[in-house]
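Inside the fold
Listed below are the residues making up each chain.
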Amino acid sequence: DTEVTQTPKHLVMGMTNKKSLKCEQHMGHRAMYWYKQKAKKPPELMFVYSYEKLSINESVPSRFSPECPNSSLLNLHLHALQPEDSALYLCASSTRPNQPQHFGDGTRLSIL
Amino acid sequence: GQSLEQPSEVTAVEGAIVQINCTYQTSGFYGLSWYQQHDGGAPTFLSYNALDGLEETGRFSSFLSRSDSYGYLLLQELQMKDSASYFCAVFKGGSSNTGKLIFGQGTTLQVKP
């Protein structure tokens, strides 16, 4: 169990579906992140939120849309994904961007 | 640019000591972190060195030399459960409130009986 909670743990969706990944932390961290990870590879940064504002978008396709409703919650909205988007999606948080990050267990996403 | 180099694989036996090295090139260095990830699991934070020297946490220790742009993770009294991937990571950014974590490619540690 981790202090960063992600739901769902597994998600299978078609290319025309719309779904959302959710992430929650109650550690008072002010930086939150979305990563994508393929097998045998390091996590690949997608987005960084610092104090609830988007500070980094790593040129992620617009079919991925992040949202930070408040300091504890982070969402990733998915629409019209491609099969190559199948991966483990990790949420993380830290007290500040330059501090160690705590990861959630991830959502394993499969696109049919 | 920035880059991190670490060995791709390391094998050791139970009870042994293993050292995983990491060299880095980056600007705006704020510290070196280590993460462990078991197959099918999420990365878990192990240690963080912002200053030169050795940090010890139980069986794990981490070392940093900023002048050499080098660090290592030392695992002692290896156990089978230590078989996992280990990532070094550095923070790249213009300030403590902006920037991102850059991960190495990871070292797969296999512990044998």
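As the structure is a prediction and not an experimental result, all values here were calculated from the model.

1. Some details on the overall build of chain A
Each helix and strand counted, chain A has zero helices and eleven strands in total. Listing every helix and strand of chain A by position from the N terminus yields β-β-β-β-β-β-β-β-β-β-β. The C-alpha atoms of chain A give a radius of gyration of 13 Å, which matches the 13 Å a tight globule of 112 residues would have. Along the longest, intermediate and shortest principal axes, the C-alpha atoms of chain A span 35 × 25 × 20 Å. Within chain A, contacts between residues separated by at least 24 positions form 54% of all contacts whose residues are at least 6 apart in sequence.

2. Some details on the interface of chain A and chain B
Where interface size is quoted, it is often the accessible area lost as the parts come together. Taken together, the 24 residues of chain A in the interface contact 21 residues of chain B. Between chain A and chain B, a total of about 1900 Å² is buried, with carbon and sulfur atoms accounting for 56% of that surface. Area buried by chain A at its contact with chain B is led by Pro42(A), Asn98(A) and Pro100(A), which between them contribute 27% of it. Scanning the region where chain A abuts chain B turns up two salt bridges. For Asp39(B), the salt bridge goes to Lys40(A), with nearest N and O atoms at 4.0 Å. Taken together, the links from chain A to chain B amount to three residue pairs in polar contact (both at pLDDT 80 or more). Listing elements by their share of the side of chain A that touches chain B, those giving two or more residues are strand S4 (31–37), strand S5 (44–50) and strand S9 (87–94) of chain A.

3. Remarks on the sheet that holds strand S6 (residues 53–57) of chain B
Residue and element names in this part refer to chain B. Pairing within the open sheet is antiparallel, and its five strands lie in the order S1-S3-S8-S7-S6. Every interior strand has two partners, whereas the edge strands, strand S1 (3–5) and S6, have only one. Taken pair by pair, the neighbouring strands of this sheet meet at an average axis angle of 20°, ignoring direction.

Rules and cut-offs
Residues numbered from 1 in each chain as written. Chains lettered and ligands numbered in written order. Predicted model: local features only at pLDDT ≥ 70, side-chain atom pairs only at ≥ 80, totals over all residues. Heavy atoms only, no water. Helix = DSSP H or I, 4+ residues; strand = E, 2+ residues; numbered from the N terminus. Rg over C-alpha atoms; globule rule 2.2 N^0.38 Å. Contact = heavy atoms within 4.5 Å. Buried area = accessible area lost by both parts, 1.4 Å probe. Salt bridge = Lys/Arg side-chain N within 4 Å of Asp/Glu carboxyl O. Polar contact = N/O pair within 3.5 Å; in protein donor to acceptor, adjacent residues only side chain to side chain. Pairing = 2+ DSSP bridges. Axes fitted to C-alpha atoms, helices over the stretch in contact; angles between N-to-C directions.

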